[in-house]
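Geometric and topological summary
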Amino acid sequence: MWVTSSTELALTPTVIALGKFDGVHRGHQRVIEPILKLQEENNEKVEQQEQYDSSRLEKKPAIGGFPQKNILPKQVTDLREQSIEQGDFSARYSLSLPNINQVENTIPPAIASSTEYIYSTVVTFNPHPQEFFTGKTHTLLTPVDEKSQQMRSLGVEQLVLLPFDKELCALTPEEFVEKILVQQLQCRKISVGQDFRFGSNRSGTAKDLQSIAARYDIPVIIVPLQVCSEELSIHSSYERISSSLIRQHLERGEVEQANQLLGRPYNLVGPVIKGQQLGRTIGFPTANLHVPKQKFLPRLGVYAVRVKNLGEASDVTAADYLGVMNIGCRPTVNGTYTSVEVHLLDWTGDLYCKKLIVQLEKFLRPEQKFPSLEALKTQIYQDCNAARAFFGG
Ligand SMILES: Cc1cc2nc3c(=O)[nH]c(=O)nc-3n(C[C@H](O)[C@H](O)[C@H](O)COP(=O)(O)O)c2cc1C
Ligand SMILES: Nc1ncnc2c1ncn2[C@@H]1O[C@H](COP(=O)(O)OP(=O)(O)O)[C@@H](O)[C@H]1O
(Lines give C-alpha, C1' and ligand atoms only; values in the text may rest on other atoms or scores of the structure.)
(Ligands and ions follow the chains in the order given, each with its own letter.)
Protein backbone atom coordinates (compact mmCIF):
# COMPACT_ATOMS: atom_id res chain seq x y z
CA MET A 1 0.00 0.00 0.00
CA TRP A 2 1.08 3.52 -0.76
CA VAL A 3 1.01 6.01 2.14
CA THR A 4 1.57 9.69 1.69
CA SER A 5 0.82 12.91 3.51
CA SER A 6 1.24 14.91 0.32
CA THR A 7 -1.43 15.10 -2.33
CA GLU A 8 1.34 15.91 -4.80
CA LEU A 9 2.83 12.49 -4.24
CA ALA A 10 -0.49 10.70 -4.39
CA LEU A 11 -1.07 8.18 -7.16
CA THR A 12 -3.93 9.30 -9.38
CA PRO A 13 -6.67 8.97 -10.53
CA THR A 14 -8.46 7.69 -7.47
CA VAL A 15 -11.66 6.29 -6.04
CA ILE A 16 -11.88 7.63 -2.54
CA ALA A 17 -13.29 6.61 0.84
CA LEU A 18 -13.27 9.75 2.93
CA GLY A 19 -13.41 10.04 6.72
CA LYS A 20 -11.55 10.03 10.04
CA PHE A 21 -11.77 6.24 10.34
CA ASP A 22 -10.45 6.01 13.90
CA GLY A 23 -10.61 2.33 14.80
CA VAL A 24 -11.29 1.14 11.22
CA HIS A 25 -14.36 -0.53 12.74
CA ARG A 26 -17.16 -2.44 11.05
CA GLY A 27 -18.97 0.79 10.12
CA HIS A 28 -15.79 2.19 8.54
CA GLN A 29 -15.24 -1.08 6.71
CA ARG A 30 -18.65 -0.66 5.04
CA VAL A 31 -17.61 2.79 3.80
CA ILE A 32 -14.37 1.38 2.41
CA GLU A 33 -16.00 -1.67 0.77
CA PRO A 34 -17.36 0.16 -2.32
CA ILE A 35 -13.93 1.48 -3.30
CA LEU A 36 -12.42 -1.99 -3.00
CA LYS A 37 -15.16 -3.32 -5.24
CA LEU A 38 -14.48 -0.59 -7.77
CA GLN A 39 -10.77 -1.39 -7.60
CA GLU A 40 -11.51 -5.02 -8.40
CA GLU A 41 -13.73 -4.11 -11.35
CA ASN A 42 -11.16 -1.65 -12.60
CA ASN A 43 -8.36 -4.18 -12.30
CA GLU A 44 -10.36 -6.62 -14.41
CA LYS A 45 -10.99 -4.00 -17.08
CA VAL A 46 -7.33 -3.02 -17.19
CA GLU A 47 -6.28 -6.66 -17.45
CA GLN A 48 -8.66 -7.26 -20.34
CA GLN A 49 -7.43 -4.12 -22.02
CA GLU A 50 -3.81 -5.16 -21.55
CA GLN A 51 -4.49 -8.51 -23.14
CA TYR A 52 -6.16 -6.74 -26.03
CA ASP A 53 -3.33 -4.20 -26.31
CA SER A 54 -0.58 -6.80 -26.22
CA SER A 55 -2.31 -8.91 -28.88
CA ARG A 56 -2.39 -5.80 -31.07
CA LEU A 57 1.22 -5.10 -30.19
CA GLU A 58 2.29 -8.41 -31.69
CA LYS A 59 1.05 -7.11 -35.04
CA LYS A 60 1.95 -3.45 -34.67
CA PRO A 61 4.32 -1.76 -32.19
CA ALA A 62 2.54 0.56 -29.78
CA ILE A 63 3.17 4.25 -29.95
CA GLY A 64 5.09 5.59 -26.90
CA GLY A 65 3.70 6.81 -23.59
CA PHE A 66 3.32 5.01 -20.32
CA PRO A 67 0.08 3.85 -18.90
CA GLN A 68 -1.06 6.07 -16.07
CA LYS A 69 -0.38 3.45 -13.43
CA ASN A 70 3.26 3.31 -14.31
CA ILE A 71 3.86 6.94 -13.64
CA LEU A 72 5.49 7.24 -10.24
CA PRO A 73 7.13 10.49 -9.19
CA LYS A 74 10.84 9.95 -8.64
CA GLN A 75 10.68 10.94 -4.96
CA VAL A 76 8.03 8.30 -4.46
CA THR A 77 10.10 5.53 -5.97
CA ASP A 78 13.05 6.62 -3.85
CA LEU A 79 11.00 6.53 -0.68
CA ARG A 80 9.10 3.39 -1.48
CA GLU A 81 10.82 1.13 0.99
CA GLN A 82 10.73 3.54 3.88
CA SER A 83 8.48 2.63 6.75
CA ILE A 84 6.35 5.00 8.77
CA GLU A 85 8.12 6.75 11.59
CA GLN A 86 5.50 7.28 14.20
CA GLY A 87 4.37 10.90 14.09
CA ASP A 88 7.04 12.01 11.65
CA PHE A 89 5.43 13.24 8.49
CA SER A 90 8.19 15.55 7.43
CA ALA A 91 9.77 12.84 5.33
CA ARG A 92 6.65 12.45 3.18
CA TYR A 93 7.11 8.77 3.36
CA SER A 94 5.69 5.71 1.77
CA LEU A 95 5.39 2.20 3.12
CA SER A 96 6.79 -0.90 1.49
CA LEU A 97 4.29 -1.47 -1.21
CA PRO A 98 3.70 -4.91 -2.66
CA ASN A 99 0.79 -3.64 -4.75
CA ILE A 100 2.82 -0.90 -6.28
CA ASN A 101 5.66 -3.22 -7.14
CA GLN A 102 3.16 -5.54 -8.71
CA VAL A 103 1.64 -2.68 -10.65
CA GLU A 104 5.03 -1.65 -11.97
CA ASN A 105 5.97 -5.14 -12.96
CA THR A 106 2.82 -6.28 -14.64
CA ILE A 107 2.63 -3.55 -17.26
CA PRO A 108 5.28 -3.59 -19.96
CA PRO A 109 6.58 -0.04 -20.45
CA ALA A 110 5.63 1.88 -23.56
CA ILE A 111 2.27 0.19 -24.00
CA ALA A 112 -0.43 2.79 -23.82
CA SER A 113 -3.43 1.17 -22.18
CA SER A 114 -6.59 3.00 -23.06
CA THR A 115 -8.23 1.98 -19.77
CA GLU A 116 -6.99 4.16 -16.93
CA TYR A 117 -5.85 2.54 -13.71
CA ILE A 118 -7.74 3.95 -10.74
CA TYR A 119 -6.26 3.63 -7.24
CA SER A 120 -8.49 2.67 -4.34
CA THR A 121 -7.63 5.39 -1.86
CA VAL A 122 -8.58 6.15 1.70
CA VAL A 123 -8.32 9.85 2.45
CA THR A 124 -8.14 10.75 6.09
CA PHE A 125 -6.83 13.52 8.32
CA ASN A 126 -3.73 13.82 10.45
CA PRO A 127 -3.62 14.88 13.19
CA HIS A 128 -7.17 14.05 14.24
CA PRO A 129 -9.21 17.28 13.78
CA GLN A 130 -10.07 17.28 17.50
CA GLU A 131 -6.36 17.39 18.36
CA PHE A 132 -5.86 20.32 16.00
CA PHE A 133 -8.69 22.33 17.54
CA THR A 134 -7.99 21.62 21.22
CA GLY A 135 -4.18 21.56 21.00
CA LYS A 136 -4.24 18.50 23.26
CA THR A 137 -3.19 14.98 22.33
CA HIS A 138 -6.33 13.17 21.25
CA THR A 139 -5.98 9.48 22.00
CA LEU A 140 -6.87 7.15 19.16
CA LEU A 141 -8.09 3.58 18.79
CA THR A 142 -5.78 3.31 15.80
CA PRO A 143 -2.79 5.70 15.76
CA VAL A 144 -1.47 6.32 12.29
CA ASP A 145 0.73 3.25 11.84
CA GLU A 146 -1.98 0.93 13.12
CA LYS A 147 -4.49 2.59 10.85
CA SER A 148 -2.14 2.04 7.89
CA GLN A 149 -1.75 -1.59 8.89
CA GLN A 150 -5.53 -2.07 9.03
CA MET A 151 -6.08 -0.33 5.69
CA ARG A 152 -3.40 -2.47 4.13
CA SER A 153 -4.96 -5.66 5.40
CA LEU A 154 -8.32 -4.60 3.94
CA GLY A 155 -6.63 -4.36 0.53
CA VAL A 156 -6.65 -0.57 0.13
CA GLU A 157 -3.98 0.52 -2.37
CA GLN A 158 -3.29 4.01 -1.11
CA LEU A 159 -3.70 5.97 2.14
CA VAL A 160 -3.57 9.75 1.94
CA LEU A 161 -3.10 11.42 5.33
CA LEU A 162 -4.16 15.00 4.71
CA PRO A 163 -2.29 17.28 7.13
CA PHE A 164 -5.09 18.86 9.15
CA ASP A 165 -3.83 22.42 9.46
CA LYS A 166 -5.14 26.01 9.29
CA GLU A 167 -5.09 25.96 5.54
CA LEU A 168 -7.09 22.77 5.21
CA CYS A 169 -9.69 23.64 7.80
CA ALA A 170 -10.27 27.06 6.21
CA LEU A 171 -11.40 25.49 2.95
CA THR A 172 -15.09 25.77 2.21
CA PRO A 173 -16.81 22.54 1.18
CA GLU A 174 -16.69 23.71 -2.46
CA GLU A 175 -12.96 24.48 -2.26
CA PHE A 176 -12.20 21.17 -0.57
CA VAL A 177 -13.91 19.26 -3.35
CA GLU A 178 -12.38 21.31 -6.13
CA LYS A 179 -8.80 21.65 -4.87
CA ILE A 180 -8.23 18.43 -2.98
CA LEU A 181 -10.55 15.86 -4.46
CA VAL A 182 -10.85 17.00 -8.07
CA GLN A 183 -7.61 18.81 -8.91
CA GLN A 184 -5.10 17.08 -6.69
CA LEU A 185 -6.48 13.58 -6.28
CA GLN A 186 -8.32 13.33 -9.60
CA CYS A 187 -11.14 11.61 -7.91
CA ARG A 188 -13.55 9.46 -9.97
CA LYS A 189 -15.92 8.28 -7.25
CA ILE A 190 -16.34 8.88 -3.50
CA SER A 191 -17.70 6.85 -0.61
CA VAL A 192 -18.58 8.44 2.75
CA GLY A 193 -20.60 7.56 5.84
CA GLN A 194 -23.99 9.19 6.31
CA ASP A 195 -22.71 11.40 9.15
CA PHE A 196 -19.66 12.71 7.25
CA ARG A 197 -19.01 16.44 7.74
CA PHE A 198 -16.36 18.49 5.98
CA GLY A 199 -15.13 21.97 5.10
CA SER A 200 -14.71 24.98 7.39
CA ASN A 201 -16.72 24.68 10.62
CA ARG A 202 -17.79 21.21 9.47
CA SER A 203 -20.36 23.03 7.42
CA GLY A 204 -20.63 20.46 4.61
CA THR A 205 -22.74 17.32 4.96
CA ALA A 206 -22.62 14.07 2.99
CA LYS A 207 -25.54 15.36 0.90
CA ASP A 208 -23.62 18.60 0.21
CA LEU A 209 -20.66 16.54 -0.92
CA GLN A 210 -22.98 14.66 -3.25
CA SER A 211 -24.33 17.84 -4.85
CA ILE A 212 -20.95 19.61 -5.11
CA ALA A 213 -19.25 16.53 -6.55
CA ALA A 214 -22.08 16.12 -9.08
CA ARG A 215 -20.87 19.38 -10.71
CA TYR A 216 -17.72 17.47 -11.65
CA ASP A 217 -19.63 14.29 -12.58
CA ILE A 218 -18.27 12.49 -9.53
CA PRO A 219 -20.78 10.10 -7.99
CA VAL A 220 -20.88 9.95 -4.19
CA ILE A 221 -22.01 6.81 -2.37
CA ILE A 222 -23.49 7.64 1.04
CA VAL A 223 -23.22 4.56 3.24
CA PRO A 224 -25.98 4.33 5.90
CA LEU A 225 -24.80 4.22 9.50
CA GLN A 226 -24.25 0.69 10.71
CA VAL A 227 -25.95 -0.44 13.88
CA CYS A 228 -25.16 -3.34 16.19
CA SER A 229 -27.44 -5.88 14.54
CA GLU A 230 -28.77 -9.14 15.94
CA GLU A 231 -25.59 -10.90 14.80
CA LEU A 232 -23.81 -8.87 17.47
CA SER A 233 -25.75 -10.72 20.10
CA ILE A 234 -23.95 -9.22 23.10
CA HIS A 235 -25.65 -5.90 22.47
CA SER A 236 -29.17 -5.65 23.77
CA SER A 237 -30.03 -2.39 22.02
CA TYR A 238 -29.53 -1.29 18.43
CA GLU A 239 -26.77 1.25 18.87
CA ARG A 240 -24.83 2.93 16.09
CA ILE A 241 -21.36 1.50 15.61
CA SER A 242 -18.98 4.34 16.38
CA SER A 243 -15.46 4.99 17.63
CA SER A 244 -16.91 6.59 20.77
CA LEU A 245 -19.09 3.58 21.54
CA ILE A 246 -16.03 1.35 21.22
CA ARG A 247 -14.08 3.65 23.55
CA GLN A 248 -16.91 3.53 26.09
CA HIS A 249 -16.87 -0.27 26.06
CA LEU A 250 -13.09 -0.33 26.43
CA GLU A 251 -13.25 2.18 29.30
CA ARG A 252 -15.55 -0.25 31.09
CA GLY A 253 -13.40 -3.29 30.29
CA GLU A 254 -16.11 -4.66 27.98
CA VAL A 255 -13.62 -6.12 25.56
CA GLU A 256 -15.95 -8.61 23.87
CA GLN A 257 -18.39 -5.86 22.92
CA ALA A 258 -15.61 -3.58 21.67
CA ASN A 259 -14.12 -6.43 19.63
CA GLN A 260 -17.44 -7.21 18.00
CA LEU A 261 -17.90 -3.60 16.94
CA LEU A 262 -14.35 -3.47 15.62
CA GLY A 263 -14.69 -6.76 13.76
CA ARG A 264 -11.37 -7.89 15.25
CA PRO A 265 -9.68 -7.81 18.68
CA TYR A 266 -8.56 -4.48 20.10
CA ASN A 267 -4.74 -4.37 19.86
CA LEU A 268 -1.91 -2.81 21.76
CA VAL A 269 1.20 -2.72 19.58
CA GLY A 270 4.76 -1.76 20.37
CA PRO A 271 8.34 -2.80 21.04
CA VAL A 272 9.38 -4.43 24.32
CA ILE A 273 11.38 -2.15 26.60
CA LYS A 274 13.15 -2.65 29.91
CA GLY A 275 11.19 -2.37 33.18
CA GLN A 276 12.29 -2.63 36.80
CA GLN A 277 13.49 -6.22 36.28
CA LEU A 278 11.33 -7.33 39.20
CA GLY A 279 9.06 -9.68 37.30
CA ARG A 280 11.69 -12.37 36.94
CA THR A 281 12.33 -12.32 40.69
CA ILE A 282 8.72 -13.32 41.42
CA GLY A 283 8.58 -15.97 38.70
CA PHE A 284 6.49 -13.88 36.30
CA PRO A 285 8.70 -12.01 33.85
CA THR A 286 6.66 -9.43 31.97
CA ALA A 287 7.42 -7.90 28.60
CA ASN A 288 6.87 -4.14 29.02
CA LEU A 289 5.31 -2.68 25.90
CA HIS A 290 6.10 0.81 24.64
CA VAL A 291 2.79 1.94 23.10
CA PRO A 292 2.45 5.22 21.17
CA LYS A 293 1.38 8.07 23.42
CA GLN A 294 -1.68 8.67 21.21
CA LYS A 295 -2.95 5.13 21.77
CA PHE A 296 -6.24 4.90 23.65
CA LEU A 297 -5.79 2.64 26.68
CA PRO A 298 -8.71 0.56 27.94
CA ARG A 299 -9.76 0.19 31.59
CA LEU A 300 -6.76 -0.35 33.84
CA GLY A 301 -6.44 -3.91 35.09
CA VAL A 302 -5.63 -7.45 34.09
CA TYR A 303 -6.61 -9.06 30.76
CA ALA A 304 -6.42 -12.43 29.02
CA VAL A 305 -4.59 -11.77 25.76
CA ARG A 306 -3.25 -13.33 22.60
CA VAL A 307 0.18 -12.16 21.55
CA LYS A 308 1.89 -12.11 18.18
CA ASN A 309 5.60 -11.50 17.98
CA LEU A 310 6.24 -9.49 14.87
CA GLY A 311 9.99 -9.66 15.28
CA GLU A 312 11.71 -7.48 12.78
CA ALA A 313 10.13 -8.96 9.70
CA SER A 314 6.60 -7.74 10.55
CA ASP A 315 5.38 -11.25 9.97
CA VAL A 316 1.64 -11.00 10.53
CA THR A 317 1.31 -14.76 10.16
CA ALA A 318 3.44 -15.23 13.29
CA ALA A 319 2.07 -17.74 15.77
CA ASP A 320 -0.15 -16.71 18.65
CA TYR A 321 0.97 -16.98 22.26
CA LEU A 322 -1.46 -16.80 25.13
CA GLY A 323 -0.80 -14.49 28.01
CA VAL A 324 -1.94 -12.22 30.83
CA MET A 325 -1.51 -8.49 30.64
CA ASN A 326 -1.59 -5.79 33.28
CA ILE A 327 -2.24 -2.16 32.39
CA GLY A 328 -1.69 0.04 35.40
CA CYS A 329 0.57 1.91 37.77
CA ARG A 330 1.65 -1.15 39.82
CA PRO A 331 0.72 0.26 43.25
CA THR A 332 2.22 -2.78 44.98
CA VAL A 333 5.71 -1.72 43.90
CA ASN A 334 4.96 2.01 44.11
CA GLY A 335 4.95 2.46 40.33
CA THR A 336 4.78 6.08 39.18
CA TYR A 337 3.56 5.75 35.56
CA THR A 338 1.11 3.60 33.63
CA SER A 339 2.74 0.56 32.11
CA VAL A 340 1.51 -2.17 29.81
CA GLU A 341 3.10 -5.53 30.58
CA VAL A 342 2.48 -9.03 29.34
CA HIS A 343 3.45 -12.39 30.77
CA LEU A 344 3.36 -15.13 28.13
CA LEU A 345 2.01 -18.44 29.41
CA ASP A 346 4.33 -21.45 29.22
CA TRP A 347 7.05 -19.58 27.37
CA THR A 348 10.53 -18.43 28.11
CA GLY A 349 13.00 -16.41 26.04
CA ASP A 350 14.17 -12.92 25.26
CA LEU A 351 11.65 -10.38 23.97
CA TYR A 352 13.55 -7.11 24.44
CA CYS A 353 13.22 -4.87 21.34
CA LYS A 354 10.84 -7.31 19.65
CA LYS A 355 7.59 -5.79 18.38
CA LEU A 356 4.51 -7.40 19.91
CA ILE A 357 0.87 -7.21 18.94
CA VAL A 358 -1.23 -7.85 22.02
CA GLN A 359 -4.87 -8.68 21.30
CA LEU A 360 -7.26 -8.07 24.17
CA GLU A 361 -9.73 -10.90 24.68
CA LYS A 362 -11.14 -10.67 28.21
CA PHE A 363 -10.96 -8.31 31.18
CA LEU A 364 -10.15 -10.41 34.24
CA ARG A 365 -9.97 -7.98 37.19
CA PRO A 366 -9.01 -4.43 38.23
CA GLU A 367 -5.48 -3.68 39.40
CA GLN A 368 -4.97 -3.86 43.21
CA LYS A 369 -2.39 -2.83 45.77
CA PHE A 370 -1.14 -5.99 47.48
CA PRO A 371 0.46 -6.04 50.94
CA SER A 372 3.48 -7.97 49.65
CA LEU A 373 5.16 -9.26 46.50
CA GLU A 374 4.24 -12.77 47.68
CA ALA A 375 0.52 -11.85 47.64
CA LEU A 376 0.91 -10.30 44.18
CA LYS A 377 2.64 -13.46 42.98
CA THR A 378 -0.23 -15.65 44.25
CA GLN A 379 -2.74 -13.42 42.46
CA ILE A 380 -0.81 -13.47 39.16
CA TYR A 381 -0.73 -17.26 39.39
CA GLN A 382 -4.55 -17.17 39.69
CA ASP A 383 -4.76 -14.70 36.77
CA CYS A 384 -2.83 -17.17 34.63
CA ASN A 385 -5.29 -19.92 35.56
CA ALA A 386 -8.25 -17.65 34.79
CA ALA A 387 -6.74 -16.90 31.36
CA ARG A 388 -6.12 -20.60 30.69
CA ALA A 389 -9.74 -21.37 31.64
CA PHE A 390 -10.95 -18.56 29.34
CA PHE A 391 -8.92 -19.89 26.42
CA GLY A 392 -10.29 -23.36 27.05
CA GLY A 393 -7.73 -25.08 29.24
C1 LIG B 1 -1.05 -10.64 35.23
C2 LIG B 1 -0.48 -9.51 36.01
C3 LIG B 1 -1.22 -8.90 36.99
C4 LIG B 1 -0.69 -7.86 37.73
N5 LIG B 1 -1.45 -7.29 38.70
C6 LIG B 1 -0.94 -6.30 39.46
C7 LIG B 1 -1.71 -5.72 40.51
O8 LIG B 1 -2.87 -6.05 40.74
N9 LIG B 1 -1.14 -4.76 41.27
C10 LIG B 1 0.15 -4.34 41.05
O11 LIG B 1 0.61 -3.47 41.78
N12 LIG B 1 0.89 -4.84 40.03
C13 LIG B 1 0.38 -5.81 39.24
N14 LIG B 1 1.12 -6.34 38.21
C15 LIG B 1 2.39 -5.69 37.86
C16 LIG B 1 3.55 -6.20 38.66
O17 LIG B 1 3.69 -5.36 39.79
C18 LIG B 1 4.80 -6.14 37.78
O19 LIG B 1 4.65 -7.06 36.75
C20 LIG B 1 6.03 -6.43 38.56
O21 LIG B 1 6.23 -5.38 39.47
C22 LIG B 1 7.24 -6.55 37.65
O23 LIG B 1 7.50 -5.35 36.99
P24 LIG B 1 8.71 -5.22 35.95
O25 LIG B 1 8.28 -5.83 34.64
O26 LIG B 1 8.92 -3.72 35.82
O27 LIG B 1 9.89 -5.90 36.52
C28 LIG B 1 0.61 -7.39 37.48
C29 LIG B 1 1.37 -8.01 36.45
C30 LIG B 1 0.84 -9.05 35.72
C31 LIG B 1 1.63 -9.67 34.64
N1 LIG C 1 7.05 -15.83 29.66
C2 LIG C 1 7.56 -14.61 29.47
N3 LIG C 1 6.74 -13.55 29.28
C4 LIG C 1 7.24 -12.31 29.11
N5 LIG C 1 8.55 -12.03 29.07
C6 LIG C 1 9.44 -13.05 29.23
C7 LIG C 1 8.97 -14.36 29.45
N8 LIG C 1 10.05 -15.16 29.61
C9 LIG C 1 11.13 -14.38 29.49
N10 LIG C 1 10.79 -13.11 29.26
C11 LIG C 1 11.78 -12.01 29.10
O12 LIG C 1 11.89 -11.37 30.35
C13 LIG C 1 11.70 -9.96 30.21
C14 LIG C 1 10.93 -9.43 31.39
O15 LIG C 1 11.55 -9.71 32.62
P16 LIG C 1 11.35 -8.73 33.84
O17 LIG C 1 12.13 -9.26 34.99
O18 LIG C 1 9.88 -8.52 34.05
O19 LIG C 1 12.08 -7.46 33.33
P20 LIG C 1 11.52 -6.02 32.87
O21 LIG C 1 11.21 -5.34 34.14
O22 LIG C 1 12.64 -5.41 32.10
O23 LIG C 1 10.31 -6.26 32.03
C24 LIG C 1 10.91 -9.79 28.95
O25 LIG C 1 11.12 -8.56 28.32
C26 LIG C 1 11.41 -10.95 28.10
O27 LIG C 1 12.56 -10.58 27.39
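Shown above is the structure to which this text applies.
Just so we're clear, the structure is a prediction, and the values are computed from it rather than from any experiment. (Residues numbered from 1 in each chain as written. Chains lettered and ligands numbered in written order. Predicted model: local features only at pLDDT ≥ 70, side-chain atom pairs only at ≥ 80, totals over all residues. Heavy atoms only, no water.)

**Things to note about the sheet that holds strand β14 (residues 355–365)**
As summarised here, the arrangement of the 6 strands in space is β9-β10-β13-β12-β11-β14, forming a closed barrel in which the pairing is antiparallel. In this sheet, neighbouring strand axes are inclined to one another by 45° on average, regardless of whether the strands run parallel or antiparallel. Bridge count between strand β9 (residues 267–273) and strand β10 (residues 287–289): 2 bridges; the pairing is antiparallel. Note that in β10 the partner of Ile 273 across the bridge is Asn 288. Its contacts with the sheet put helix α10 (residues 255–262) on β11 (301–309) and β14, and the angle it makes with β14 is roughly 130°. (Pairing = 2+ DSSP bridges. Helix = DSSP H or I, 4+ residues; strand = E, 2+ residues; numbered from the N terminus. Axes fitted to C-alpha atoms, helices over the stretch in contact; angles between N-to-C directions. Contact = heavy atoms within 4.5 Å.)

**Thoughts on the pattern of salt bridges**
Side chains that differ in charge, positive against negative, can pair when their charged atoms come close. A full pass over the atoms with the stated rule returns 14 salt bridges. A salt bridge links Glu 33 to Arg 30; its shortest N-O distance comes to 3.6 Å. Taken as a pair, Glu 33 and Arg 30 lie in helix α1 (residues 26–59) at a separation of 3 residues, close to a single helical turn. The salt bridge involving Lys 295 is made with Glu 146; its shortest N-O contact spans 2.8 Å. With a gap of 149 residues between them, Lys 295 in the loop between β10 and β11 and Glu 146 in helix α5 (residues 144–154) connect regions that are remote in the sequence. Note on Glu 146: relative accessible area 8%, which makes it buried. (Salt bridge = Lys/Arg side-chain N within 4 Å of Asp/Glu carboxyl O. Buried < 20%, exposed > 50% of the residue type's maximum accessible area, 1.4 Å probe, protein only.)

**Points about unusual backbone geometry**
Backbone torsion omega between Thr 12 and Pro 13 reads -5°, so that peptide bond is classified as cis. Here the residue pair Asn 126 and Pro 127 is connected by a cis peptide bond, since its omega of 5° sits within 30 degrees of zero. Counting through the fold element by element, Pro 127 comes out in the loop between β3 (119–126) and α4 (129–134). Of note, the phi angle at Gln 186 is positive, near 45°, even though the residue is not glycine. By the element assignment, Gln 186 lies in the loop between α7 (173–184) and β5 (187–193). With relative accessibility at 30%, the residue Gln 186 sits in the partly exposed group. Backbone geometry at Asn 334 places phi at a positive 55°, although glycine is not the residue there. When you line up the elements, Asn 334 lands in the loop between β12 (320–328) and β13 (339–344). Exposure remark for Asn 334: the relative accessible area of 58% places this residue in the exposed category.

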